[in-house]
Amino acid sequence: VVNIILDPILIFGLLGFPALGVAGAAIATVIGQISALLLYIIVYRRNSYAVHISFKHLVFDKAIIRQIYSVGIPSTVMMLLPSILISVLNSILTAFSDVYVAVLGVYFKLQTFIYMPANGIVQGMRPIIGYNYGAGESSRVKSTIRYSLLTAAGLLTGTILALALPKQILALFDADAALMSAGVTALRIISLGFLVSSVGLIYSGVFEAIGNGRNSLIISLLRQFVITIPLSFILTRFFGPTGVWISFPVGELCASAAAFCLLKKYQNGAFSPL
C-alpha cells in the first residue's frame, strides 16, 4: 500500500515532491519494505506471543542451520529458474522473430495470474503438512495433500480459457495481427500443461514442508530447466517456434510423473495421497 501511494508521488513529483522518475519508483519500493519491517516490530512489541525472540537466547546451532539451508538453498534456486528459462527461450525465439519473444512475455504475465491460486494453496498447505509431519500424523498429511490437489485442479479454468478465448486474452495486451496469430497457437498448446502442472507444484511444496529440499528441487528443475530447455532446442529444428510451446506441457507432464514417483517411494509411500 505504501509503495502504491508513493509511486505516483515520487515518479511524477506530486504534492511538492520533485519528479524522480524511475529513481522515485525505487525509493518508493525501499520505503515500502522498511515500513513493513517497522510494522512487524511494532505489532510484535505491543502484543504478547507464545514465542519470544531475544538476541541473548541466540545460539549457533549447526544442525538447525543445516536444516534451514537444506530447504532454503533449493528454494532459492527454484526462484532463479524462471529468469534463466526466459533468458534461454528468448535467445531461441529471437532467431525466428521478435513477435515470438513478445508472445513468450505475454504468456509469462498470464501464468502469474493462472498459477496464483495454486501458489496460494501451496503456501497454506506447507505449515499444515509440516506440523502434522512433525507430529507423526501421516494420515493428516495425506488428506492435506489430497485436498490441495483437488483445490489446485482449479487450474483447469486457465486451460479452458486459453483454449476457448485466446484472442480475447491477447486483446487485453493490445496485440496486433502478428502477435495475435502467433499468440493464439502458443496459448492453446501451452495451456495443455496447466492442469497436470498442479501435481508438480503441490508435490514440490510437500517435499519442502517435510524438509526434503532435494526432491523439491528435482521437480522444479524438471519443470523449468532439464526438460523444457533441451526439448525446445530439439523441437524448434522440426516445428519452428511451435517447438518451444510444445516443450512446456511435455515438461510439466514429465515433472508431475517424476513427482508422483518420488513421493510414492519416499518412506515407502507413507505420505502418498493415492
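For the structure, check the block above.
The following refers to the structure shown.

Thresholds applied
- Residues numbered from 1 in each chain as written.
- Predicted model: local features only at pLDDT ≥ 70, side-chain atom pairs only at ≥ 80, totals over all residues.
- Heavy atoms only, no water.
- Helix = DSSP H or I, 4+ residues; strand = E, 2+ residues; numbered from the N terminus.
- Buried < 20%, exposed > 50% of the residue type's maximum accessible area, 1.4 Å probe, protein only.
- Areas by Shrake-Rupley, 256 points an atom, 1.4 Å probe, with all protein chains shown as cover.
- Lys, Arg positive; Asp, Glu negative; His and termini not counted.
- Charge placed at Lys NZ, Arg CZ, Asp CG, Glu CD.
- Arc of directions from axis to C-beta.
- Contact = heavy atoms within 4.5 Å.
- Phe/Tyr/Trp six-rings, centres within 6.5 Å; stacked < 30°, edge-to-face > 60°.
- Lys NZ or Arg CZ within 6 Å of the ring centre and 35° of its normal.
- Salt bridge = Lys/Arg side-chain N within 4 Å of Asp/Glu carboxyl O.

1. Some remarks on the overall build of the protein chain
So, point 1. Across its full length, the protein chain holds twelve helices and zero strands.
So, point 2. Each helix and strand of the protein chain, ordered N terminal to C terminal, gives the series α-α-α-α-α-α-α-α-α-α-α-α.
So, point 3. Seen through its principal axes, the protein chain has C-alpha atoms that stretch 65 × 65 × 30 Å.
So, point 4. Put simply, the protein chain has 274 residues, and 37% of those count as buried.
So, point 5. Accessible surface computed for the protein chain: about 15,900 Å², of which carbon and sulfur atoms make up 69%.
So, point 6. Computing the positive centroid from 17 side-chain charges and the negative centroid from 8, the protein chain places the two 13 Å apart.

2. Points about helix H11 (residues 228–239)
So, point 1. Residues of H11 that are buried include every one of Thr 228, Ile 229, Ser 232, Leu 235 and Thr 236, and no others. Viewed along the axis of H11, the buried residues span an arc of 125 degrees, placing them on a single side of the element. Exposed and facing more than 90 degrees away from the buried side of H11 are Arg 237 and Phe 238.
So, point 2. In this structure, the buried side of H11 is in contact with helix H3 (62–94), helix H10 (213–226) and helix H12 (242–265).
So, point 3. At the exit of H11 stands Gly 240, carrying a positive phi of roughly 70 degrees.

3. A closer look at the packing of aromatic side chains
Remark: the centre distance and the inter-plane angle together describe each pair of aromatic rings, the angle taken between the planes.
So, point 1. Tallied over the entire structure, the rule returns eight aromatic pairs.
So, point 2. Between the aromatic rings of Phe 108 and Phe 248, the centroid separation amounts to 6.3 Å while the plane-to-plane angle is 65 degrees, which identifies the pairing as edge-to-face. A residue pair is termed long-range when its members are at least 10 positions apart, and Phe 108 in helix H4 (residues 98–134) and Phe 248 in helix H12 qualify at 140 residues. With respect to burial, Phe 108 and Phe 248 carry one shared label: buried.
So, point 3. What links up through ring pairs into an aromatic cluster is the set Tyr 107, Phe 108, Tyr 115, Phe 194 and Phe 248.
So, point 4. Taking NZ or CZ as reference, Arg 223 lies 5.9 Å from the ring centre of Tyr 115, over its face.

4. Focus: the pattern of salt bridges
So, point 1. One pass over the full model with this rule turns up two salt bridges.
So, point 2. Between Glu 208 and Arg 126 there is a salt bridge, and its shortest N-O distance comes to 2.8 Å. In this pair, Glu 208 sits in helix H9 (residues 194–209) while Arg 126 sits in helix H4, placing the two residues 82 residues apart along the sequence.
So, point 3. When the shortest N-O distance is used, the salt bridge between Glu 252 and Arg 223 registers 2.8 Å. Here Arg 223 lies in helix H10 and Glu 252 lies in helix H12, a separation of 29 residues in the sequence. Grouping residues by exposure puts Glu 252 and Arg 223 together as buried.

5. Remarks on unusual backbone geometry
So, point 1. The phi dihedral of Leu 15 is positive, around 55 degrees, even though this residue is not glycine.
So, point 2. Along the polypeptide, Leu 15 turns up in the loop between helix H1 (2–12) and helix H2 (22–46).
So, point 3. Here the phi dihedral of Asn 268 falls at roughly 55 degrees; this positive angle occurs in a residue that is not glycine.
So, point 4. Mapped onto the elements of the fold, Asn 268 is located in the segment after H12.

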